[in-house]
Number of protein chains: 2
Amino acid sequence: MDEVFVSGAAMTSFGRFLERPPRDLVEEAVRDALSDAQITPADVQAAIVGNAVGGLMQGQESIRAQVALRNTGLLGVPMINVENACASSSTAFHLGVQAVAAGTYDCVLVAGYEKLSDPDKTKSFRAFNASMDLDEMRERFGPEAGADRSVFMDLYASMGEDGGAEDDGDVEALGLISVKNHHHGALNPRAQFREEVTLEQVLSARRVAGPLTVLMCSPLSDGAACLVLTSPRFARRRGRDRVRVRASALVSGRGDDGAQPDAVERAARHAYESASVGPTDLDVVELHDATSIAELHLYEQLQLCAPGEGARLVVDGTTWLGGALPVNPSGGLLARGHPIGATGAGQLVELAWQLEGRCGDRQVEGARTALAQNAGGWVGTDAAACTVHVLTT
Amino acid sequence: MDEVFVSGAAMTSFGRFLERPPRDLVEEAVRDALSDAQITPADVQAAIVGNAVGGLMQGQESIRAQVALRNTGLLGVPMINVENACASSSTAFHLGVQAVAAGTYDCVLVAGYEKLSDPDKTKSFRAFNASMDLDEMRERFGPEAGADRSVFMDLYASMGEDGGAEDDGDVEALGLISVKNHHHGALNPRAQFREEVTLEQVLSARRVAGPLTVLMCSPLSDGAACLVLTSPRFARRRGRDRVRVRASALVSGRGDDGAQPDAVERAARHAYESASVGPTDLDVVELHDATSIAELHLYEQLQLCAPGEGARLVVDGTTWLGGALPVNPSGGLLARGHPIGATGAGQLVELAWQLEGRCGDRQVEGARTALAQNAGGWVGTDAAACTVHVLTT
């Protein structure tokens, strides 16, 4: 595998933008990423675009990339529409990395976007919930499941119960994860939520499912993110060769209840081996905190701590900005927001910027090795798709 | 680029299967393709799946591959959901070819499926029409466009007018293309329509748009198709190394009205160059006859004849079975059927079988070099996506 560089990275603010059509969000991210990479549309040899719910939300079932990129000057090159639920755009990134590593292209544009907010929240929830096998969802939650809420919060809550998260210490850790990520989000100009929250506010907020309050759950969001992947030759010619992709792992969940190791563990193992990097080498992590419970579990699944030690990482400050291993300095899904198809690309944009030292108040000092984990959908008791990427300077 | 082999190929019948859920169709195609390749699910290292309208038709907006393949024993490997309208599964094939050619995998499963039929035809048409930029469609055809018909037939009809297809000779050629493809379909046990039609029947059938009668337009269909792509090492070990992929081209349309060369021409040029094969080397072609007008235009766009000579090819028998260059021996979209996300993979299955001499009554004798062309969606006056593949023995 040849080296692959991230030569450009950009994203819109994440938030609730009822007045902005998807194309408007995508155009902003693409324009800024091309500018960041110091290239023009004519330099781009292929475009791979992740979006999860544009069919149910906007009715644009097909050729979403061609429609969203129509005014960018990119039409003509191979365009591939990729979907893997909340891992759609990290899957697109995975494909882009493979194509550049193989020597197929010198310059690939990867983008992700989502317009999930709608005056009718029922529509948003239904679209979001279609990241589960619909037959399985109806069997598990009843025929009318998912019209008034995200069933994913129930699924995460049941993970909490399985993992014993109902005991007081763990509930406090779940709350602190939310406090931490909102603290980080307050430092991120592109975050959906820029207000600090206290532990008391988090714990006393409206209950959504199991131990999860609304402040421990990711919101409905809109946004777009874009990255430019390049070969060494291309990157060096432009002087945009600081951030390297060292590993790109994608797996699907096995679907059979209780299969071990699960998707995250398999993807992480593959990425660590492929990058010759271990958890102790990491300086900064963006992970898929769809809920606080997810982040707590991911500490272990990514081997950031010993089994059963997850809560400690947030209680003792390790995963806070300023700690030994800041996790979700962007604010994560909880505070930066979770525009499904843009989330994975957004994590990678954050890490590219961290490795370039461009993150201002939320900069992780001296960040040289970074990991992104992104999960999408649900089969049985596991993520339907999981990606783990390692980037380094 | 390393050699890539098609080691297994299978498809369901195409047709109208109201009682069969998508998963049932996919399972049949996957099981038969694995069997054809003489492998088990454990041999498959990645799965790339094309589907176009499962969100609007079945509500399964996301993780369609994971849901459709759930019972095949394939869950666990990287799974990628790919969409490019009617070119969805040939785009998946393109990605699979790239991955094997790059040495990333030795064995990749590519599948395409669609369940487009529904008791409510309005739903099918709306889903189908969402392969156009919806804003453009409403601007062109009015706010209620596409509820009662496929606007693609209108788009193709306008191509006919631009190309002068309203004159008597060309209308007869359009009719003969339908007669030919229904003749071929009658020889294909997996075709949706297995009845011969006469020129008089075609020309006097219900008018759909412009010169197009209903027998000159592809139907609404369901179906699935699957291929196993392998490296030389893997293919030779299994003795499944007869069919090689010699070129895999994908482009997007440029979107600006009248851009030349158009997507088909660019993809074809790229494929011919890449395969070191010219139009005169071809023994058999499967092309995207969404309407008779499309097939007539494609004769020229693929350089199967000189400009203006398209009609001759069908009138003098060249493109009929038994002629010098049979086109759409499967029956094509017109007679075999057009289950959007399965169509491209279905074309490639037909060609793999032709090159292996397995096509019975519709076998093209001595077929050694084959071309597949598949188009998807619409931007401006061009296909949103177009693939051209060259396969050889």
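Residues numbered from 1 in each chain as written. Chains lettered and ligands numbered in written order. Predicted model: local features only at pLDDT ≥ 70, side-chain atom pairs only at ≥ 80, totals over all residues. Heavy atoms only, no water.

## Remarks on the overall build of chain A
Phase 1: A count of helical and extended segments in chain A gives 15 helices and 11 strands.
Phase 2: Principal-axis analysis of the C-alpha atoms gives chain A an extent of 55 × 45 × 40 Å.
Phase 3: The burial tally for chain A puts 69% of its 393 residues in the buried class.
Phase 4: The long-range fraction of contacts in chain A, counting pairs at least 24 apart against all pairs at least 6 apart in sequence, stands at 74%. (Helix = DSSP H or I, 4+ residues; strand = E, 2+ residues; numbered from the N terminus. Buried < 20%, exposed > 50% of the residue type's maximum accessible area, 1.4 Å probe, protein only. Contact = heavy atoms within 4.5 Å.)

## Comments concerning the relation of the copies chain B and chain A
Phase 1: Note on the copies: chain B fits chain A at an RMSD of 0.0 Å, the axial shift is 0.0 Å, and the rotation between them is 180 degrees. Taken together, these values place the two copies in the relation of a two-fold axis. (Least-squares fit on C-alpha atoms with pLDDT ≥ 70 in both.)

## As for the side chain of A:Asn84
Phase 1: Tracing the chain through its elements places A:Asn84 in the loop between β3 (79-83) and α4 (88-101).
Phase 2: At 3.1 Å, the side chain of A:Asn84 forms a polar contact with the side chain of B:Asn81.
Phase 3: In this structure A:Asn84 touches A:Thr91, A:Leu250, A:Gly376, A:Ala385, B:Ile63, B:Gln66, B:Met79, B:Ile80 and B:Asn81, once residues within four positions along its chain are discounted. (Polar contact = N/O pair within 3.5 Å; in protein donor to acceptor, adjacent residues only side chain to side chain.)

## Considerations on unusual backbone geometry
Residues and elements named next belong to chain B.
Phase 1: Phi at Ile-63 is positive, roughly 45 degrees, even though this residue is not glycine.
Phase 2: With respect to the helices, strands and loops of the structure, Ile-63 is situated in the loop between α2 (54-58) and α3 (64-68).
Phase 3: Notably, Gln-303 is not glycine yet its phi reads approximately 60 degrees, a positive angle.
Phase 4: Mapped onto the secondary structure, Gln-303 falls in the loop between α12 (292-301) and α13 (310-315).
Phase 5: According to the relative accessible area criterion, Gln-303 is partly exposed, its value standing at 42%.

## Overview of the interface of chain B and chain A
Phase 1: On the side of chain A, 54 residues touch chain B, which itself brings 54 residues to the contact.
Phase 2: Summed over both sides, the interface of chain B with chain A buries roughly 3900 Å², with 49% coming from carbon and sulfur.
Phase 3: Where chain B meets chain A, there are 8 salt bridges.
Phase 4: The partner of B:Arg64 in a salt bridge is A:Glu61, with the nearest N and O atoms 3.5 Å apart.
Phase 5: In this assembly, chain B and chain A are joined by 45 residue pairs in polar contact (both at pLDDT 80 or more).
Phase 6: Of all the elements in the fold, those that place two or more residues in the side of chain B that touches chain A are α2, α3, β3 (79-83), α4 (88-101), α6 (134-141), β8 (243-252), β10 (369-379) and β11 (382-392) of chain B.
Phase 7: When residues of the side of chain B that touches chain A are assigned to their parent elements, the largest contribution, 5 residues, is made by β3(B). (Buried area = accessible area lost by both parts, 1.4 Å probe. Salt bridge = Lys/Arg side-chain N within 4 Å of Asp/Glu carboxyl O.)

## Some points on the pattern of salt bridges
Phase 1: All told, the structure shown has 50 salt bridges over all chains when counted by the stated rule.
Phase 2: As a salt-bridge pair, A:Asp32 and A:Arg31 come within 3.5 Å of each other at their nearest N and O atoms.
Phase 3: With relative accessibility at 30%, the residue A:Asp32 sits in the partly exposed group.
Phase 4: Of the charged contacts, one joins B:Arg236 and B:Glu3 as a salt bridge, the two residues approaching to 3.1 Å between their closest N and O atoms.

## Concerning the environment of B:Ala85
Phase 1: Following the sequence through the fold, B:Ala85 ends up in the loop between β3 and α4.
Phase 2: The spatial distance from the C-alpha of B:Ala85 to the C-alpha of B:Ala52 is 5.1 Å, given a sequence separation of 33 residues.
Phase 3: Non-local contacts of B:Ala85, meaning those with residues more than four positions away in its chain, are made with A:Ser62, A:Ile63, B:Ala52, B:Ser131, B:Ile340, B:Gly376 and B:Gly377.

## Observations regarding the nonpolar core
Generally speaking, a soluble globular protein has its nonpolar side chains buried in company with each other.
Phase 1: Among the nonpolar cores identified, the biggest contains 82 residues, and A:Val6, A:Phe93, A:Leu229, B:Val6, B:Phe93 and B:Leu229 are the most heavily contacted of them.
Phase 2: Sequence-distant contacts of B:Phe93, defined by excluding residues within four places in its chain, comprise B:Val6, B:Val110, B:Leu227, B:Leu229, B:Val245, B:Leu348, B:His389 and B:Leu391.
Phase 3: Core analysis: the second largest hydrophobic core is formed by 70 residues, A:Met159, A:Cys305, A:Trp320 and A:Leu333 among them. (Core = buried A, V, L, I, M, F, W, Y, C linked by side-chain atoms within 4.5 Å.)

## Focus: the confidence of the model for chain A
Phase 1: For chain A, the mean per-residue pLDDT works out to 95, and 97% of the residues sit at or above 70.
Phase 2: Here the predicted complex carries an ipTM of 0.97, next to a pTM of 0.97. (pLDDT = per-residue confidence, 0-100.)

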